[in-house]
Amino acid sequence: QVQLVESGGGLVRAGDSLRLSCAASGRTFSGYTMGWFRQAPGKEREFVASISRSGGSTYYADSVKGRFTISRDNAKNTVFLQMNSLKPEDTAAYYCAASWTFLASTARSYEYWGQGTRVTVSS
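Below is a short write-up of the structure.

Conventions and cut-offs
Residues numbered from 1 in each chain as written. Predicted model: local features only at pLDDT ≥ 70, side-chain atom pairs only at ≥ 80, totals over all residues. Heavy atoms only, no water. Buried < 20%, exposed > 50% of the residue type's maximum accessible area, 1.4 Å probe, protein only. Helix = DSSP H or I, 4+ residues; strand = E, 2+ residues; numbered from the N terminus. Pairing = 2+ DSSP bridges.

What about the pairing of strand S5 (residues 46-51)?
Here is step 1: Here S5 lies mainly inside the structure; 5 of its 6 residues are buried.
Here is step 2: Pairing geometry for strand S4 (residues 33-39) and S5, over 5 bridges, is antiparallel. Across the sheet, Phe-37 pairs through a bridge with Phe-47, a residue of S5.
Here is step 3: In this sheet, strand S6 (residues 58-60) lies alongside S5 in antiparallel orientation, the contact comprising 3 bridges. Bridge assignment links Ala-49 to a residue of S6, and that residue is Tyr-60.
Here is step 4: In sequence, S5 turns back onto S6 through a hairpin of 6 residues, with Gly-55 there showing a positive phi of about 90°.

Focus: the pairing of strand S3 (residues 18-25)
Here is step 1: Note: strand S1 (residues 3-7) against S3, 5 bridges, orientation antiparallel. Paired with Val-5 across the two strands is Ala-23, which belongs to S3.
Here is step 2: As judged from the 6 bridges shared by S3 and strand S8 (residues 78-83), these two strands associate in the antiparallel manner. Considered in S8, the bridge of Ala-23 is made with Thr-78.

See the structure below:
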C-alpha cells in the first residue's frame, strides 16, 4: 500500500511557475513509476507526466513538454512537478499516482492515487 499526499497548488498568473510535491508513505516508493495527472472541471482526467523508478526516464504529454519537469527523490519518498510558463489552460486539479508499469501514461495503469491539489492560472 502507498498513501500519496499532494501539495503546492495555488492561484497564479499566466507565465508564473509552481512546484507541486507528492509525499508518499510506505517502504516501496522506489519500486513504483510515479505519475502526475490533471482534471479540469467538466473534463476527463488526463496524463501529464511520469517518471521511472530510478528517475532516469521521464515521459510527458505534448501539452506540457518543455514547460513541466517531473522529478523524484527516493530518499525522501517524494515526487515533484515543476511547472513553468503556466497557461490558463493548465488550470485543473493535479493528482499524483503510483504504478507498477514502466512510465505508464494511462490512468487505469495506476494503482494508487492522491487526493489532488488545485492549480488555478489566471490570464
